[in-house]
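# Chains, contacts and geometry: an overview
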There are 2 protein chains.
Amino acid sequence: MDIDSTAQDKARFFAGAWGRVKALPGKLKAKVTSTAKSIKKLGQDDPRRLTHSLKVGLALTLVSLLYYARPIYDGFGVSGMWAVLTVVVVFEFTVGGTLSKSLNRGFATFLAGALGLGADYFASLFGKNGEPIVLGILVFLLAAAATFSRFFPRIKARYDYGVLIFILTFSLVAVSGYRVNELVVLAHQRLSTIIMGGATCMLISIFVCPVWAGEDLHKAIASNLEKLATYLEGFGGVYFQSSESDGMGTGKSFPQGYKSILNSKSSEESLANFARWEPGHGRFRLRHPWKHYLKIGALARQCAYQIEAINGCIGSDHIQGSEEFKGKIEGSCTRMSAECGKTLKALAASMKTMTDPYSSANTHVENSKAAMKDLKFALKAASLENADLAAILPAATVGSILVEIVKCVEKISEAVHELSQLAHFEKETVEPTVSPEKPPQLLHRGIIQPVLDGDSTANDNVVITIHEIISTDSPENGKACDQHQVPKPGKKIEAL
Amino acid sequence: MDIDSTAQDKARFFAGAWGRVKALPGKLKAKVTSTAKSIKKLGQDDPRRLTHSLKVGLALTLVSLLYYARPIYDGFGVSGMWAVLTVVVVFEFTVGGTLSKSLNRGFATFLAGALGLGADYFASLFGKNGEPIVLGILVFLLAAAATFSRFFPRIKARYDYGVLIFILTFSLVAVSGYRVNELVVLAHQRLSTIIMGGATCMLISIFVCPVWAGEDLHKAIASNLEKLATYLEGFGGVYFQSSESDGMGTGKSFPQGYKSILNSKSSEESLANFARWEPGHGRFRLRHPWKHYLKIGALARQCAYQIEAINGCIGSDHIQGSEEFKGKIEGSCTRMSAECGKTLKALAASMKTMTDPYSSANTHVENSKAAMKDLKFALKAASLENADLAAILPAATVGSILVEIVKCVEKISEAVHELSQLAHFEKETVEPTVSPEKPPQLLHRGIIQPVLDGDSTANDNVVITIHEIISTDSPENGKACDQHQVPKPGKKIEAL
């Protein structure tokens, strides 16, 4: 019995093991397939990743072969490896990153090398016994001070790598134990190989399929505005229609793209930092106002926070809201969010084409302000005698947050306008026609009378005319409001 | 005349230059003073920065002196400098960071060294002329593949530095041009000096005033909850009282500490990443659920977004809101935010002491839910016949967002409770007394009758008793509601 059970155990063990071995190729195959898929996806998401990898390989091969080629190798001695080391450590995804690291490394090595030589000379004055002690104290003090300086936010942002290399080179030179005249030769070799490595990286990153941090930042900010626009343009339709059909907005059909904006701060800041190291490229000049992009980015985040709050309200809209009340504010709310969306779309488009966004965006800003007024009138007109306040609250909150979004979008519009002036965007070719979206309606109504008020002299532009026309046209979309005055352009937003 | 004017110009130039030179010491002094002040502030904000700098200095001096001391130096050859290099590059602020980099560096060097030797041997088979070509191709392929792998989020998060060192070492070994038997000696020297440097860093960072990433993460999450609590506890008082006295809440006197939470994601993620490399320390065991902290952090950010939306509404509260309506919801809103604040305070305190937060926090969660019900009743009871909806909207929106915050705080409470179970927090010593904050009120009312309902058998705990008492007590604070039922513990939140 005992033997039997042992034999059975053994048989079972081997059967199990064999099963596992048989299953192994299948599992391995599945694993390989999934890895291959994720590699493919990674490359497809951003093909520049593949290019970057090949560029690093190219730079390294070039420098390695130089190192391997005997004549040069003999000239530089062991220092040749510093070229390889430099390429590996310095080559970053963006041109700005590579330049920042290369220049930091070059200058820090030069400075620390000179200081290290001085320290060596100074320590040698203290004789054979005093030398290590003096050098030890110097290394300690300098390393501690330099490490502490890395906590300064400004140094951290721009010169962190330089300080690291400074500590490294100083320690290496100071304690290398060579004589000063030997060290000068060594330092020269090391510096020239580092420059060789750095220059290879810089040239390849600038001239072979360059990835400019500045351009990336520019595109990222524009695409963030577009994500907000996509949400806002679709919002009215989804929120008000879904609630009419099934009584609740589950928030499922809203585009969630804006969520990536919530945590975009750090990536935007690092891109802006790198962008400042880049030379002029394409449509961007050397002193492009990169810092200003961070301001627009912060405002876009502000807007995303408001959208997140709206999304929270919609998601929790469990109880049947008052459809009657919703219907009353539907027109103005839908128009507010749609016009905000159009403003952002126009701003994003003007950033992409680098043209002044003034006329196209301002029209929509004015429209959204008019819609905000409509909402106010709709709220005033809404009879609440038999309505339950708790039932109308969700929709009212959505309206209230939309008002905040309108204000936020106006700020974004101002910021993009500032950017267009700072960065000398091209002036838009003024088309003295009405907004291209709805000429037929205007023709039908026959009230196109460009009213020029006092303010228009300051902005002597046909744009003003367009504002007035669109504004005159606006009550058509807002169902609840017929009798209020046409808002004048340039008027301050009145809080709801 | 000409000569005169030239002389005058010269005199003016020199006077100006002298003025600038005289002003220089003053400017320099001011500059030095301001720099000294910012250094002092940097140190005072977090004294561990100073300690860290001294630790780096110490590690570097130790390794440098080892390198300087001739007997060891002669043993290791030029490779001794790798120890210095390792210390500079590997020493990070937190223990986790240092361990992650040291281990990455050690293993990557070992693996890449072995592979490099293999590559050298393989290339040597192709003869003198084929060798550089084969080596070049190998370096290119490996560098490109390894660089591409750095784009994988999982590799980026944990092994980024390791991959970098892998590329570096492989290239250096493969193209060094030494024979294989020379290389083995060199690799051995290099690896042992790297281990020496890494070990020095690890020992100093663990045993000299260690800064644990895990502890930092734990504290950061608890302090974020506290910041939210500070805002919410003070909110009701500031919002409703300021609007009563001067007609508008300018949002100026609200604590703005919560704003730092909005962008805390990246720092929390890097701390959690480092924490996983750390051994057990203090109250944290080896497999502490660090990932779970990120969940709580995300919920805290969600709550901060809602507060940001409230802050926006308050800031734009230009028009005189309906004071009558505000007065009606003041009681329940104040209590909602205060109880949310107390919940978060209790959760933060329980995290700090690492005790199970169940009883203390749950009491306040139940209270805030009761206040939410009160708000609903207050809204139902509010007569709106002669009220302007536009005037009550700001206050109503604040109420509506507070409801979202209550829900968010409940989720945070659940997440901290989960954490307390995963991390085996100590059970609270159950005190069968009522909540310590307001025993006098309870004594005055004389209705302390612990009602045990059916559910209480599941949670056989005196805690339940406390809930009931507090819940019974709750309408006292909500002015608008007297007749509604006492909410039972464990009931699901009913959406407003």
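Not measured: the values here are computed from a predicted model.

## Overview of the overall build of chain A
The number of helices and strands found in chain A is 17 helices and zero strands. When each of the 496 residues of chain A is scored for burial, the buried share is 51%. When contacts within chain A are restricted to residue pairs at least 6 apart in sequence, those whose partners lie at least 24 apart make up 83%. As displayed, chain A offers around 23,300 Å² of accessible surface, 62% of which is attributable to carbon and sulfur atoms.

## A word on the packing of aromatic side chains
Following the criterion strictly, the structure yields 19 aromatic pairs over all chains and no others. Centre to centre, the rings of phenylalanine 93 of chain A and phenylalanine 151 of chain B are 5.5 Å apart; their planes meet at 75 degrees, and the pair counts as edge-to-face. Pair noted here: phenylalanine 93 of chain A is in the loop between helix 4 (80–90) and helix 5 (95–124) and phenylalanine 151 of chain B is in the loop between helix 6 (127–149) and helix 7 (153–175), and the two residues belong to different chains. Their ring planes at 45 degrees and their centres at 5.3 Å tell us that phenylalanine 284 of chain B and tryptophan 290 of chain B sit as a pair that is tilted. By relative accessible area, which is 4% here, tryptophan 290 of chain B ends up buried. Ring-pair connections join several aromatic residues into one group, and the members of that group are Tyr231, Phe235, Tyr239 and Tyr258 of chain A. Lying across the ring of tryptophan 277 of chain A, arginine 158 of chain A places its NZ or CZ 5.3 Å from the centre.

## A look at the interface of chain A and chain B
Facing the 81 residues of chain A at the interface are 83 residues of chain B. Carbon and sulfur atoms supply 73% of the area that chain A and chain B bury against each other, a total of about 7,600 Å² over both sides. At the surface where chain A touches chain B, the tally comes to zero salt bridges. For the interface between chain A and chain B, the tally reads six residue pairs in polar contact (both at pLDDT 80 or more). The greatest single-element share of the side of chain A that touches chain B, amounting to 14 residues, is contributed by helix 2 (residues 48–68) of chain A. When the residues that make up the side of chain A that touches chain B are grouped by side-chain class, the tally is 48 nonpolar, 21 polar and twelve charged.

## A closer look at the domain arrangement of chain A
Residue and element names in this part refer to chain A. In terms of domains, chain A is made up of domain 1 (50–207) and domain 2 (213–241 + 257–423). The C-alpha centroid of domain 2 is placed 47 Å from the C-alpha centroid of domain 1. With eleven residues of domain 1 at the contact, the number on the domain 2 side is seven residues. Both faces considered, domain 1 and domain 2 share a buried interface measuring about 870 Å² in area, 66% of it formed by carbon and sulfur atoms. When the buried area of domain 1 at its contact with domain 2 is split by residue, Thr94, Gly96 and Arg158 rank highest and sum to 47% of it. On the surface where domain 1 and domain 2 come into contact, there are zero salt bridges.

## A few points about the confidence of the model for chain A
It should be kept in mind that the predicted coordinates are not to be read in detail where pLDDT is low. Residue and element names in this part refer to chain A. Of the residues in chain A, 72% reach a pLDDT of 70 or more, and the chain-wide mean stands at 77. Least confident of the elements in chain A is helix 17 (residues 463–473), whose mean pLDDT is 34; most confident is helix 11 (residues 265–275), at 92. The low-confidence segment residues 243–252, where pLDDT is below 50, has 15 contacts with residues more than four positions distant or belonging to other chains. Low pLDDT, under 50, characterises residues 431–496; the predicted model gives this stretch 89 contacts beyond four residues in sequence or across chains.

## A word on the packing of helix 13 (residues 323–353) of chain A against helix 14 (residues 358–381) of chain A
When two helices pack together, their arrangement is given by the angle between the helix axes and by the axis-to-axis distance. Residue and element names in this part refer to chain A. For the pair helix 13 and helix 14, interaxial distance at closest approach is 8 Å and the crossing angle is 165 degrees. If you check the angle between helix 13 and helix 14, you find them roughly antiparallel. In the packing of helix 13 onto helix 14, the handedness of the crossing is left-handed. Each residue belonging to the contact of helix 13 with helix 14 can be placed in one class, and the counts come to 14 nonpolar, six polar and five charged.

## Considerations on the UniProt feature "transmembrane region" (unreviewed entry) in chain A
All names here are of chain A. As recorded in UniProt, the sites labelled "transmembrane region" (unreviewed entry) are residues 50–69, 75–95, 107–127, 133–152, 159–179 and 191–213. In the segment residues 133–152, helix accounts for 85% and strand for 0%; the C-alpha atoms at its two ends are 30 Å apart. From the first C-alpha to the last, residues 191–213 spans 27 Å; its make-up is 78% helix and 0% strand.

## So, the side chain of histidine 281 of chain B
All names here are of chain B. Inspection of the secondary structure assignment puts histidine 281 in the loop between helix 11 (265–275) and helix 12 (290–315). Among the residues examined, histidine 281 registers a relative accessible area of 6% and is labelled buried. At a separation of 2.9 Å, a polar atom in the side chain of histidine 281 contacts the main-chain carbonyl oxygen of proline 279. If we ignore the near neighbours within four places in the chain, the residues touching histidine 281 are Trp212, Gly214, Glu215 and Trp290.

## What to know about unusual backbone geometry
If a residue is not glycine, its phi is most likely negative; likewise, a peptide bond is most likely trans. For cysteine 209 of chain A, which is not glycine, the phi torsion reads 40 degrees and is therefore positive. Structurally, cysteine 209 of chain A can be placed in the loop between helix 8 (180–207) and helix 9 (213–246). Phi angles above zero are rare outside glycine, and histidine 424 of chain B is one such case at about 55 degrees. Along the chain, histidine 424 of chain B falls in the loop between helix 15 (389–422) and helix 16 (439–445). According to the relative accessible area criterion, histidine 424 of chain B is exposed, its value standing at 55%.

## Observations concerning the relation of the copies chain A and chain B
For these two chain copies, the linking operation is a rotation about an axis paired with a shift along it. When chain A is brought onto chain B, the operation consists of a screw motion whose angular component is 180 degrees and whose axial shift is 0.0 Å, with 0.1 Å RMSD remaining. Taken together, the rotation angle and the small translation identify this as a two-fold axis. A shared interface surface links the copies, since 100% of the contact residues of chain A are contact residues in chain B too.

## Structural notes on helix 13 (residues 323–353) of chain B
All names here are of chain B. In this model helix 13 runs 43 Å from its N-terminal to its C-terminal C-alpha over 31 residues, within 8% of the 45 Å that 1.5 Å per residue would give. Taking the largest bend as the criterion, helix 13 deviates by roughly 50 degrees, centred on glutamate 330. Directly after helix 13, the chain includes methionine 354, whose backbone phi takes a positive value near 55 degrees.

## Looking at the environment of alanine 371 of chain B
Residue and element names in this part refer to chain B. Positionally, alanine 371 belongs in helix 14 (residues 358–381). With a relative accessible area of 0%, alanine 371 lands in the buried category. On a C-alpha basis, the gap between alanine 371 and phenylalanine 274 in space is 41 Å, while along the polypeptide they are 97 residues apart. If we ignore the near neighbours within four places in the chain, the residues touching alanine 371 are Ser332, Arg335 and Met336.

## Side note on the side chain of serine 102 of chain B
Along the chain, serine 102 of chain B falls in helix 5 (residues 95–124). Within the structure, serine 102 of chain B has its side chain in polar contact with the backbone oxygen of threonine 98 of chain B (distance 2.7 Å).

## Remarks on the pattern of salt bridges
Residue and element names in this part refer to chain A. Applying the stated criterion to the full structure yields 34 salt bridges over all chains. Residue lysine 101 is joined to glutamate 92 by a salt bridge in which the shortest nitrogen-to-oxygen separation is 3.3 Å. On the basis of relative accessible area, glutamate 92 is assigned to the partly exposed category, the value being 23%. Bridged by salt links that share partners, the residues Asp46, Arg48 and Asp216 form one connected network.

## Re the environment of proline 279 of chain A
Residues and elements named next belong to chain A. Here proline 279 shows up in the loop between helix 11 and helix 12 (290–315). In this structure, the C-alpha to C-alpha distance between proline 279 and proline 289, residues ten residues apart in sequence, is 13 Å. Setting aside its immediate chain neighbours within four residues, proline 279 contacts Leu99, Trp212 and Leu286.

## Description of a positive patch on the surface
Judged by side-chain charge, Lys31 of chain A together with Arg154, Arg276 and Lys291 of chain B come together as a positively charged surface patch. Relative to the helices and strands, arginine 154 of chain B is located in helix 7.

## Looking at the nonpolar core
Core analysis: the largest hydrophobic core is formed by 138 residues, its most contacted members being Ile405 of chain A together with Ile405 of chain B. The residues touching isoleucine 405 of chain A, leaving out its near neighbours within four places in the chain, are Leu232, Cys303, Gln306, Ile307, Ile310 and Cys340 of chain A. Residues Ala59 and Ala108 of chain A together with Ala146 and Ala174 of chain B belong to the second largest nonpolar core, which totals 74 residues.

## Description of helix 15 (residues 389–422) of chain A
Residues and elements named next belong to chain A. For helix 15, built from 34 residues, the straight-helix expectation of 50 Å at 1.5 Å per residue is met to within 8% by its first-to-last C-alpha distance of 48 Å. Largest kink in helix 15: about 35 degrees, centred on alanine 395. In terms of burial, helix 15 is a largely internal element, 28 of the 34 residues being buried. Just downstream of helix 15, histidine 424 is the residue with a positive phi angle, here 55 degrees.

## A few points about a nonpolar patch on the surface
Residue and element names in this part refer to chain A. There is a patch of nonpolar side chains on the surface, built from Leu58, Leu62, Leu203, Phe207 and Val208 and spanning about 470 Å² of accessible area. Put simply, the parts of the chain that give the nonpolar patch at least two residues each are helix 2 and helix 8. Along the chain, the position of leucine 62 falls in helix 2. Taking the relative accessible area as the measure of exposure, leucine 62 reaches 44% and is therefore partly exposed.

So, how was this worked out
- Residues numbered from 1 in each chain as written.
- Chains lettered and ligands numbered in written order.
- Predicted model: local features only at pLDDT ≥ 70, side-chain atom pairs only at ≥ 80, totals over all residues.
- Heavy atoms only, no water.
- Helix = DSSP H or I, 4+ residues; strand = E, 2+ residues; numbered from the N terminus.
- Buried < 20%, exposed > 50% of the residue type's maximum accessible area, 1.4 Å probe, protein only.
- Contact = heavy atoms within 4.5 Å.
- Areas by Shrake-Rupley, 256 points an atom, 1.4 Å probe, with all protein chains shown as cover.
- Phe/Tyr/Trp six-rings, centres within 6.5 Å; stacked < 30°, edge-to-face > 60°.
- Lys NZ or Arg CZ within 6 Å of the ring centre and 35° of its normal.
- Buried area = accessible area lost by both parts, 1.4 Å probe.
- Salt bridge = Lys/Arg side-chain N within 4 Å of Asp/Glu carboxyl O.
- Polar contact = N/O pair within 3.5 Å; in protein donor to acceptor, adjacent residues only side chain to side chain.
- Nonpolar A, V, L, I, M, F, W, Y, C, P; charged D, E, K, R; others polar.
- Domains from an automatic or database assignment.
- pLDDT = per-residue confidence, 0-100.
- Axes fitted to C-alpha atoms, helices over the stretch in contact; angles between N-to-C directions.
- Parallel < 35°, antiparallel > 145°, perpendicular 65-115°, else oblique.
- Left-handed = near helix turned anticlockwise from the far one by under 90°.
- UniProt positions renumbered as here; feature names shortened; annotations may be inferred.
- Least-squares fit on C-alpha atoms with pLDDT ≥ 70 in both.
- Expected span 1.5 Å × (residues − 1).
- Bend = angle between axes of the 7 residues up to and from the residue.
- Patch = residues over 30% accessible without salt bridge, like charges linked within 9 Å, V, L, I, M, F, W, Y side chains within 5 Å.
- Lys, Arg positive; Asp, Glu negative; His and termini not counted.
- Charge placed at Lys NZ, Arg CZ, Asp CG, Glu CD.
- Core = buried A, V, L, I, M, F, W, Y, C linked by side-chain atoms within 4.5 Å.

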